[in-house]
Amino acid sequence: MLTRNCLSLLLWVLFDGGLLTPLQPQPQQTLATEPRENVIHLPGRRSHFQRVKRGWVWNQFFVLEEYMGSEPQYVGKLHSDLDKGEGTVKYTLSGDGAGTVFTIDETTGDIHAIRSLDREEKPFYTLRAQAVDIETRKPLEPESEFIIKVQDINDNEPKFLDGPYVASVPEMSPVGAYVLQVKATDADDPTYGNSARVVYSILQGQPYFSIDPKTGVIRTALPNMDREVKEQYQVLIQAKDMGGQLGGLAGTTIVNITLTDVNDNPPRFPKSIFHLKVPESSPIGSAIGRIRAVDPDFGQNAEIEYNIVPGDGGNLFDIVTDEDTQEGVIKLKKPLDFETKKAYTFKVEASNLHLDHRFHSAGPFKDTATVKVSVLDVDEPPVFSKPLYTMEVYEDTPVGTIIGAVTAQDLDVGSSAVRYFIDWKSDGDSYFTIDGTEGTIATNELLDRESTAQYNFSIIASKVSNPLLTSKVNILINVLDVNEFPPEISVPYETAVCENAKPGQIIQIVSAADRDLSPAGQQFSFRLSPEAAIKPNFTVRDFRNNTAGIETRRNGYSRRQQELYFLPVVIEDSSYPVQSSTNTMTIRVCRCDSDGTILSCNVEAIFLPVGLSTGALIAILLCIIILLAIVVLYVALRRQKKKDTLMTSKEDIRDNVIHYDDEGGGEEDTQAFDIGALRNPKVIEENKIRRDIKPDSLCLPRERPPVEDNTDIRDFINQRLQENDVDPTAPPYDSLATYAYEGNGSVAESLSSIDSVTTEGDQDYDYLTDWGPRFKVLADMFGEEESYNPDKVT
């Protein structure tokens, strides 16, 4: 009961203080408020016919969240002006949570919350209320909405939704350098009280870092924090609501802060002198030792560059940086010789590649150390005096002649004797020998420059004290030429001269070649042989440049008289002793055009037409033969076709009508033959009827005497055929038409008068007399019935 009274008092304070004001004031009606009971009055009706207006103005109800009382929490009271306290009015509630979260007393209008509410779940509820007459069940007031807000309490602690955090800040940063900003979220109502007011503080991480209590920005609190001293820091941040006051809820998070490296430390050598030992036999480019400078920085700030300071012995060595270990690798640039120099001293400088200008005042970011290299003596193989030996020898030099010598020495302390021998892998034919003690080289066989002009082999020298230590050198021997071969024409020439050539005309340029090779080069001369110089048809003109021209001496040549000429040419060289040779050139006479272009050089081409080769003439003859064969075949086929067409069958020759493309003179043409002679008397006699259709009526043929023989028709056709075959004005073809017995049995009857099975007496030809004198003959022939007379048949 005490809880209800306190709640009512709190709600009265809120209403009385103006926190709940009318949304829509009505001038006709007044809002009756009971201060102690949070009552909203509903206006009644003024008269029976007056329009019912809304008599209540809704304000917000408030209910505390997380209510843990044993009885339902009182929210407020609804009251209508029409409620006279007689129990005739019923109050109903609908909307969010009606019946499940909120209930209403139907008689008094009291609203209660029947379960605990959470503002973070649902901050307000929208409901609808209505006053209904109990007896009539009719609403006394229109249904309207109102809101019940859940009043917040501090039941949620601040939370770091993005935690834990990871941040970094450069080392040696000044005080107040920005590191990170953290943010905590409180689910409570930020508009009500201090439940959502968060304050930040550091629980762990001081005195290195600080945090702004309002913004949550973390900054450095100490200057010059060194990564090389401590790199990782873990800071514990607290966020507390209620403005950090006592009783507020708090949440924490961890921020891992890393100090990033800056180049604040120079490289330093751990010692000032490095001692190295290297054998004198170390090859060039090999690594002879490593030195290292230490840089406590990290990453690119610890990258070191090494350089050799110019000075004693520095030109024999080089140093490079190993990118993986940041060590200085010392390499050999030139060969070492213990007998020449036994020790070298030089300085190496180490410096950073990436400098930070903020720390230049701390001093130079480099360091220097001294390197001493001691050369160790090694038992080495003999050394030749030259890297390559070149010698010369004339071909055909006698066997055993010394042509040169090689020299090798043992340069070690306490030198040993040297022995020489030829590397047979490079000279398998053993053309040369070498003296094992003196190193002299002599010929072992006769040499021929034309066979091999140069020899290349190797000689090996070994120490007597240690034969396994050997060295090798290449020997190059050039074989010098001796003039033993005469010059000859370099290539075989196919020389031709035109029949219409003029004297003094160059028809061929020739050159010579000599298998001998003179160091100064050969010089050749050309001339005719003495026997050919008498009345020559051709001569040789020497151009003095190792070439010569074949020149004509006659005015024209004839192939019929002489087709080939043989010209002996003498060629001499200029070496000693002089060598010469006679070369015979073949010159062919050819037919040429006026411009000197060769047309033909063959003998049989003399008899061929001008401008046509043998192949062209053969092709033309073949074409003519083919054309003739085609013509003969065509004529034979035509004759065979005519014969087969006219004489297909001796028994049916009477059924064939020859069609000539000559126009006749009509009925007045008395010279034409009688068509009646072409009738088929046997068909008329036998009265053959078509079997493919059923005839309408049986027509009897005209009584005609049978013709015993068809000789007159055959003779007539053969005579006309022979006349047309010999007639030059006749067309180049004959047409042969075959007529069947088309009129017999046809529904439309025959269209031809030939072999008609109907009698002429069945037709009326009186209309022919009306056609004029031109058809008088036809009218006479068919106008009256004639008796049969065998003598009139032609």
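Residue indices begin from 1 for each chain and proceed along its sequence in written order. Local features in a predicted model are, by the rule used here, given only for residues with pLDDT of at least 70; side-chain atom pairs are given and counted only at 80 or more, and totals for whole chains, interfaces and linings are based on all residues. To get the side-chain values, all heavy atoms of the structure are used, and hydrogens and water are removed first.

*Asks:* Describe the overall build of the chain, and please don't skip the residues or the numbers.
*Replies:* Numbering of helices and strands starts at the N terminus; helices are DSSP runs of H or I of at least 4 residues and strands are runs of E of at least 2. When helices and strands are counted, the chain shows 5 helices and 42 strands. Burial status across the chain gives 36% buried among its 794 residues. Any two residues whose heavy atoms approach within 4.5 Å are treated as being in contact. Long-range contacts, defined here as pairs at least 24 residues apart, represent 67% of the contacts in the chain between residues at least 6 apart. Here the Shrake-Rupley method, with its probe set to 1.4 Å, supplies the accessible areas, and only the displayed protein chains count as covering residues. With an accessible surface of roughly 48,200 Å², the chain has 53% of that area assigned to carbon and sulfur atoms. Whether a residue is buried, partly exposed or exposed follows from its accessible area with a 1.4 Å probe, protein chains only, as a fraction of its type maximum: under 20%, in between, or over 50%, in that order.

*Asks:* Now, about the side chain of aspartate 241: what can you tell me, with residues and values included?
*Replies:* Locating aspartate 241 in the fold gives a position in the loop between β14 (232-240) and β15 (250-260). With no salt bridge to any partner, buried aspartate 241 finds its closest opposite charge in lysine 240, at an N-O distance of 7.4 Å. In this structure the side chain of aspartate 241 is engaged in a polar contact, spanning 2.4 Å, whose partner is the backbone nitrogen of leucine 249. Setting aside residues no more than four positions away along its own chain, aspartate 241 makes contact with Asn154, Asn156, Glu157, Pro158, Asp186, Asp188, Asn194, Ser195, Arg197, Val198, Gly248 and Leu249. Only four residue types enter the charge count, namely Lys and Arg as positive and Asp and Glu as negative; His and the chain termini do not. In the sections that follow, a salt bridge refers to a side-chain nitrogen of Lys or Arg positioned within 4 Å of a carboxyl oxygen of Asp or Glu. For this analysis, a polar contact is any N or O atom pair within 3.5 Å, provided that within protein one partner can donate a hydrogen and the other can accept it, and provided that sequence-adjacent residues contribute only side-chain to side-chain pairs.

*Asks:* Tell me what's going on with unusual backbone geometry, and back it up with residues and numbers.
*Replies:* Backbone torsion omega between glycine 163 and proline 164 reads -5°, so that peptide bond is classified as cis. In this fold, proline 164 is placed in the loop between β8 (144-151) and β9 (165-170). Of note, the amide linkage connecting glutamine 206 to proline 207 takes the cis form, showing an omega dihedral of 10°. The backbone of arginine 544 shows a phi angle near 65°, a positive value even though the residue is not glycine. Checked against the element boundaries, arginine 544 lands in the loop between β36 (538-542) and β37 (547-552).

*Asks:* Any chance you could break down the state of the cysteines for me, citing the residues and the numbers?
*Replies:* Disulfides are defined as pairs of cysteine sulfur atoms found within 2.5 Å of each other. This structure, assessed with the given rule, holds 2 disulfides. Note that cysteine 498 is cross-linked by a disulfide to cysteine 592, the S-S spacing being 2.0 Å. Because the sign of the S-S torsion sets the handedness, a value of about -85° for the bond joining cysteine 498 and cysteine 592 places this disulfide among the left-handed ones. Here cysteine 498, found in strand β33 (residues 495-498), pairs with cysteine 592, found in strand β39 (residues 580-592); they are 94 residues apart in sequence, far enough to count as distant. Under the relative-accessibility criterion, cysteine 498 is labelled buried at 11%.

*Asks:* Outline the sheet that holds strand β29 (residues 440-443), listing residues and values.
*Replies:* Sheets are built from strands paired through backbone hydrogen bonds, the pairs being either parallel or antiparallel. Here a strand pair is declared whenever DSSP counts at least two bridges between the two strands. In space, the 3 strands of this open sheet follow the order β25-β29-β28, with antiparallel pairing throughout. Strand pairing shows two members of the sheet lacking a second neighbour, β25 (402-405) and β28 (432-434), which therefore form its edges. Pairwise comparison of adjacent strand axes, ignoring direction, gives a mean angle of 25° for this sheet. Summarising the sheet, β25 and β29 pair through 3 bridges and their orientation is antiparallel. In the strand pairing of β29, glycine 404 is matched with isoleucine 441. Note on definitions: angles span 0 to 180 degrees between N-to-C directions of axes, and those axes are lines fitted to C-alpha atoms, for helices only across the stretch in contact.

*Asks:* Could you give an account of the environment of tyrosine 767, naming the residues involved and the relevant values?
*Replies:* Within the element layout of this structure, tyrosine 767 appears in the loop between β42 (735-738) and α5 (776-782). Tyrosine 767 sits 12 residues away from alanine 779 along the chain, and the two C-alpha atoms are 8.2 Å apart.

*Asks:* Give a description of a nonpolar patch on the surface that names residues and reports values.
*Replies:* Think of a patch as exposed residues, more than 30% relative accessible area, with no salt bridge, where like charges cluster within 9 Å and nonpolar side chains (Val, Leu, Ile, Met, Phe, Trp, Tyr) cluster within 5 Å. There is a patch of nonpolar side chains on the surface, built from Ile620, Leu621, Ile624 and Leu628 and spanning about 380 Å² of accessible area. Assignment of secondary structure puts leucine 628 in helix α2 (residues 614-646).

*Asks:* Give a detailed account of the nonpolar core, specifying residues and quantitative values.
*Replies:* Judged by nonpolar contacts, the single largest core of 25 residues is most densely connected at Phe269, Phe317, Ile330, Val348, Val371 and Val373. Elements with a minimum of two residues in this core: β16 (273-279), β17 (287-292), β18 (304-309), β19 (317-322), β20 (327-332), β21 (343-352) and β22 (366-376). Setting aside anything within four residues of it in sequence, one finds valine 371 in contact with Phe274, Leu276, Ile291, Ile330, Tyr344, Thr345, Phe346 and Val348. Nonpolar core, defined: a set of buried Ala, Val, Leu, Ile, Met, Phe, Trp, Tyr and Cys residues in which side-chain atoms within 4.5 Å join the residues together.

*Asks:* Would you mind going over the sheet that holds β36 in detail, with residue names and values included?
*Replies:* Taken in spatial order, the 4 strands line up as β32-β34-β37-β36 in an open sheet, and their pairing is antiparallel. Looking at the sheet topology across the chains shown, the edges are occupied by β32 (488-489) and β36. In the sheet, β32 pairs with strand β34 (residues 506-513) via 2 bridges, with the strands oriented antiparallel. Residue pairing for β34: glutamate 488 is matched across the bridge by alanine 513.

*Asks:* Provide a residue-level description of the pattern of salt bridges, including the pertinent values.
*Replies:* Evaluated as defined, the whole model comprises 19 salt bridges. Between arginine 449 and glutamate 450 there is a salt bridge; the shortest N-O distance is 3.3 Å. Residue classification places arginine 449 among the buried positions, given a relative accessible area of 11%. Here glutamate 499 makes a salt bridge to arginine 559, at a shortest N to O gap of 3.6 Å. Here arginine 559 lies in the loop between β37 and β38 (564-572) and glutamate 499 lies in the loop between β33 and β34, a separation of 60 residues in the sequence. A relative accessible area of 26% places glutamate 499 in the partly exposed class. For arginine 559, a relative accessible area of 8% gives the class buried. The network of salt bridges with common partners includes Arg227, Glu228, Glu231 and Asp261.

*Asks:* So, the environment of threonine 443: which residues are in play, and what are the values?
*Replies:* Here threonine 443 shows up in strand β29. In this structure, the C-alpha to C-alpha distance between threonine 443 and glycine 400, residues 43 residues apart in sequence, is 5.0 Å. Excluding its chain neighbours within four sequence positions, the residues that come into contact with threonine 443 are Val393, Thr397, Pro398, Val399, Gly400, Thr401, Ile403, Tyr431 and Phe432. Within the structure, threonine 443 has its side chain in polar contact with the backbone oxygen of proline 398 (distance 2.9 Å).

*Asks:* Before we move on, could you go through the pairing of strand β35 (residues 525-528) and cite the residues and values that matter?
*Replies:* The alternating pattern of β35 places Phe526 and Leu528 on a buried face and Ser525 and Arg527 on a face that is not buried. In terms of strand pairing, β35 meets β38 through 4 bridges, oriented antiparallel. Residue serine 525 lies in a different strand from β38, and its bridge partner there is glutamate 572.

It is worth stressing that arrangement in space is one thing and function is another; only the former is reported here.
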